[in-house]
Amino acid sequence: MGYYETSFYSLLALCGGLLLSQPTRRNELKKIPDARKPYTRENRHPEIHWYMVYALVMGADWLQGPYLYSLYLDEHQVSERQVSALFATGFLSSAISAYFVGALADRRGRKPVCMVFCLLYAMSCFCTIIPSLPVLYLGRILGGISTSILFSVFDSWMVTNFRELKLVDHGCDLSRTYATTSIVNSLSAIVSGILSEWLVRTTGTKKAPFLLSAALLWWALQLIWANWIDNFGSRAQRPSERSSSVLATLKKPSILALGFTSTMFEGSMYLFVFFWTPTIKSVQKSPGELPYGYIFSSFMAASMAAALVFNIVMQKRPFRYYRLLIGILLVANFCFVKLAGPKTEDAAFWLFCLFEACVGMYWPCTGYLKGHLVQDDVRAKVYSILRIPLNIFVVMSLFIAGDSKHFSKVFSACSMLLTASFGAVWVAGLKENMP
């Protein structure tokens with residue numbers, strides 16, 4: 001067994017040990033005096049349909065990731081310049097559509113918009129496997145709109161559903177829900193990576209993962225339609241009142257800090273996705289081809305382990321969430337400082353794993369903060385608006401960075417941006433009583 005395989009299974013064993021130490025809803029129910037109802041399937045798992053749908057939609061997303069670039073380049077014979085333009089089209093589509101999908105979801109209902117996501121993303125999959133440049137661009141436009149919905153409306157539905165059903169009275173905890181969601185995401189990534197590689201080897205085409213992705217999205221659509229309860233923003237407000245409420249929310253120092261942090265951290269995360277392969281290849285000392293599947297799975301296992309640690313640590317609330325976010329940003333900054341300088345192959349691998357651990361804690365931490373700081377009335381719209389600068393940042397960064405040879409400069413820039421994010425959150429914490 002090689003070094004990377006051993007590292008992956010070691011991280012997986014760590015996740016197994018942490019999983020056994022997780023706080024459970026059953027234990028929380030024992031602390032509630034009137035929680036003496038007999039257990040039913042729904043009582044045991046009040047959020048089971050959320051986790052099932054999220055696993056399917058994220059699995060559909062992760063299935064496409066490893067082979068999208070190579071499908072364009074190798075099977076469709078698209079030039080590298082056109083491939084870059086296709087990716088930029090996706091991010092720009094997401095940025096432009098973000099404002100509208102959030103407002104639509106708040107007014108017309110988040111459940112139907114999530115169902116539309118499943119249809120649009122499935123259509124994007126079908127467009128991606130057709131070797132026609134205009135159809136490929138249409139696929140990226142649909143994919144950008146879908147991504148905007150995935151990372152704003154789904155989250156908004158979950159938080160509002162948690163509040164409206166008063167799940168805290170049933171032993172649930174929003175912090176634990178976010179951490180479990182992050183764990184589900186990591187598991188979906190690991191399984192999808194292994195499954196997509198098997199599909200490509202079995203079928204001999206890189207189109208196969210996209211077809212399976214469309215099937216998972218159809219399954220998710222059925223689950224949403226049958227099991228989710230719709231929720232909304234405030235439909236009673238006039239458009240001018242809704243706009244004023246959104247603007248008032250976005251002016252809060254805490255929201256401004258979180259928006260800036262999400263742009264910088266998640267932008268760095270996207271750049272990490274683009275540049276981790278050439279970084280490790282540039283310092284490779286081990287003979288033969290790198291086992292990219294095991295390396296990627298190791299990153300996801302590190303992210304899952306961090307989410308499991310988050311669940312255990314934050315169960316007792318030893319410190320505020322914004323202070324934890326500051327710590328996450330500092331550790332991520334350390335990773336990029338080291339990656340920008342001289343390094344060995346082993347050091348690069350474990351620094352990437354450490355950054356992925358930061359990602360595993362970042363998602364539940366910022367999710368909990370936004371869940372408490374943003375009102376349900378305008379949640380989807382605010383979440384969508386906060387993603388607009390992120391998409392613009394990624395497009396500009398890729399344009400400025402050029403090819404993959406300049407990863408050291410990219411990592412240095414990420415380090416400086418994360419330092420600025422740390423300062424923004426720290427100042428906002430001083431001005432507001434952040435959770």
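That block above? That's the structure.
This write-up is about the structure you can find in this document.

Criteria and thresholds
- Residue numbers run consecutively from 1 along every chain, following the written order of its sequence.
- This being a predicted model, a pLDDT of at least 70 is required before a residue's local features are given, and a value of 80 or more before pairs of side-chain atoms are given or counted; all residues contribute to the totals for chains, interfaces and linings.
- Excluded from the side-chain calculations are hydrogens and water; all other atoms, namely the structure's heavy atoms, are used.
- Here a helix means four or more residues in a row that DSSP labels H or I, a strand means two or more in a row labelled E, and each is numbered from the N terminus.
- What the globule rule says is 2.2 Å times the number of residues to the power 0.38, and the radius of gyration is computed from C-alpha atoms.
- The rule is simple: take the accessible area with a 1.4 Å probe, protein chains only, and divide by the maximum for that residue type; under 20% is buried, over 50% is exposed, in between is partly exposed.
- Where accessible areas are quoted, they stem from the Shrake-Rupley method and a 1.4 Å probe; at the residue level, only the protein chains shown are allowed to cover.
- Residues are treated as being in contact if the distance between any of their heavy atoms lies within 4.5 Å.
- Here an axis means a line fitted to C-alpha atoms, over the contact stretch when the element is a helix, while the angle between two N-to-C directions is reported on a 0 to 180 degree scale.
- We call two directions roughly parallel when the angle between them is under 35 degrees, roughly antiparallel when it is over 145, roughly perpendicular when it lies between 65 and 115, and oblique otherwise.
- Polar here means any residue outside two lists: the nonpolar Ala, Val, Leu, Ile, Met, Phe, Trp, Tyr, Cys and Pro, and the charged Asp, Glu, Lys and Arg; Gly therefore counts as polar.
- The rule for a salt bridge is simple: a side-chain nitrogen of Lys or Arg has to be within 4 Å of a carboxyl oxygen of Asp or Glu.
- By convention a nonpolar core is built from buried Ala, Val, Leu, Ile, Met, Phe, Trp, Tyr and Cys residues, the set being connected through side-chain atoms within 4.5 Å.
- To estimate the expected span of a helix, count its residues, drop one, and scale the result by 1.5 Å.
- Take the far helix as the reference: if the near one is turned anticlockwise from it by less than a right angle, the crossing is left-handed, and if turned clockwise, right-handed.
- Like-charged residues within 9 Å of one another, or nonpolar side chains (Val, Leu, Ile, Met, Phe, Trp, Tyr) within 5 Å, are grouped into patches, provided each residue has over 30% relative accessible area and no salt bridge.
- Disulfides are defined in this document as cysteine sulfur pairs within 2.5 Å.
- Classification of ring pairs uses Phe, Tyr and Trp, with its six-membered ring standing for Trp, and accepts pairs whose centres are within 6.5 Å; under 30 degrees between planes counts as stacked, over 60 as edge-to-face, and the remaining range as tilted.
- Put simply, a charge is over a ring when the Lys NZ or the Arg CZ is close to the ring centre, within 6 Å, and near the line of the ring normal, within 35 degrees.

A count of helical and extended segments in the chain gives 17 helices and zero strands. Compactness check: the chain gives a C-alpha radius of gyration of 21 Å against a globular reference of 22 Å for 435 residues, within 12% of the reference. If you line up the chain on its principal axes, its C-alpha atoms span 60 × 45 × 45 Å. Per-residue burial over the chain gives 54% buried out of 435 residues. When the accessible surface of the chain is split by element, carbon and sulfur atoms take 65% of a total near 19500 Å².

Tracing the backbone through its elements, the reader meets Leu250 in helix α11 (residues 239-250). Placed 135 residues apart in sequence, Leu250 and Ile385 show a C-alpha to C-alpha distance of 9.0 Å. In contact with Leu250, other than residues within four places in its own chain, are Ile255, Leu256, Val382, Ile385 and Leu386.

Axis separation between helix α9 (residues 174-203) and helix α10 (residues 208-227) bottoms out at 8 Å; the angle between their running directions is 125 degrees. Our classification of the angle between α9 and α10 gives oblique. Packed against α9, whose contacting residues are Leu195, Ser196, Leu199, Val200 and Thr203, the element α10 presents Ala208, Pro209 and Leu212 at the interface. Taken together, the residues of the contact of α9 with α10 sort by class into six nonpolar, two polar and no charged.

This part is about the pattern of salt bridges. By the definition in use, this model includes seven salt bridges. Lys206 is paired through a salt bridge with Asp74; the nearest N and O atoms lie 3.0 Å apart. You can see Lys206 sitting in the loop between α9 and α10 and its partner Asp74 sitting in helix α4 (residues 48-75), a full 132 residues away along the chain. Accessibility expressed as a relative area gives 18% for Lys206, which makes it buried.

Further remarks concern the nonpolar core. Formed by 137 residues in total, the largest nonpolar core has its most connected members in Val57, Phe117, Phe154, Leu217, Phe265, Phe299 and Phe355. In terms of residue count, the dominant contributor to this core is helix α15 (residues 345-373) (15 residues). Every residue in contact with Phe299, bar those within four places of it in the chain, is listed here: Phe272, Trp276, Ile280, Phe349, Phe352, Cys353 and Glu356.

Next up on the list: helix α13 (residues 292-314). Taking 1.5 Å of rise per residue, 23 residues should cover 33 Å, and α13 covers 33 Å from first to last C-alpha, within 8% of that figure. Most of α13 is tucked away, with 17 of its 23 residues classed as buried.

Two numbers describe how α13 lies on α15: the axes approach to 7 Å, and their chain directions differ by 45 degrees. By the criterion of interaxial angle, the relationship of α13 to α15 is oblique. For the pair α13 and α15, the crossing hand works out as right-handed. Between α13 and α15, the residues in contact are Ile295, Ser298, Phe299, Met300, Ala302, Ser303, Ala306, Ala307, Val309 and Phe310 and Phe349, Phe352, Cys353, Glu356, Ala357, Val359, Gly360, Met361, Pro364 and Cys365, respectively.

Together, Leu92, Ile96, Tyr99 and Phe100 line one region of the surface with nonpolar side chains, adding up to about 420 Å² of accessible area. Its place among the elements puts Ile96 in helix α5 (residues 80-108). With a relative accessible area of 60%, Ile96 lands in the exposed category.

The next subject is unusual backbone geometry. Positioned with a positive phi, Lys166 is a non-glycine residue whose angle comes to about 50 degrees. Within the fold, Lys166 resides in the loop between α8 (153-164) and α9. With a relative accessible area of 53%, Lys166 lands in the exposed category. Of note, Arg317 is a non-glycine position whose phi angle comes to about 50 degrees, a positive value. Note on placement: Arg317 falls in the loop between α13 and α14 (321-340).

According to the stated counting rule, one finds zero disulfides in the structure shown. Free of any disulfide, Cys353 has its nearest neighbouring cysteine sulfur in Cys335, separated by 9.9 Å. Judged by its relative accessible area of 4%, Cys353 is buried.

Both the distance between ring centres and the angle between the ring planes are used here to describe each pair of aromatic rings. Considering all chains together, one arrives at 35 aromatic pairs under this definition. Ring plane angle 90 degrees and centroid distance 5.7 Å describe the contact between Tyr99 and Phe100, whose orientation is recorded as edge-to-face. Its guanidinium or amino end placed over the ring of Tyr383, Lys370 lies 5.0 Å from that ring's centre, counting from NZ or CZ.

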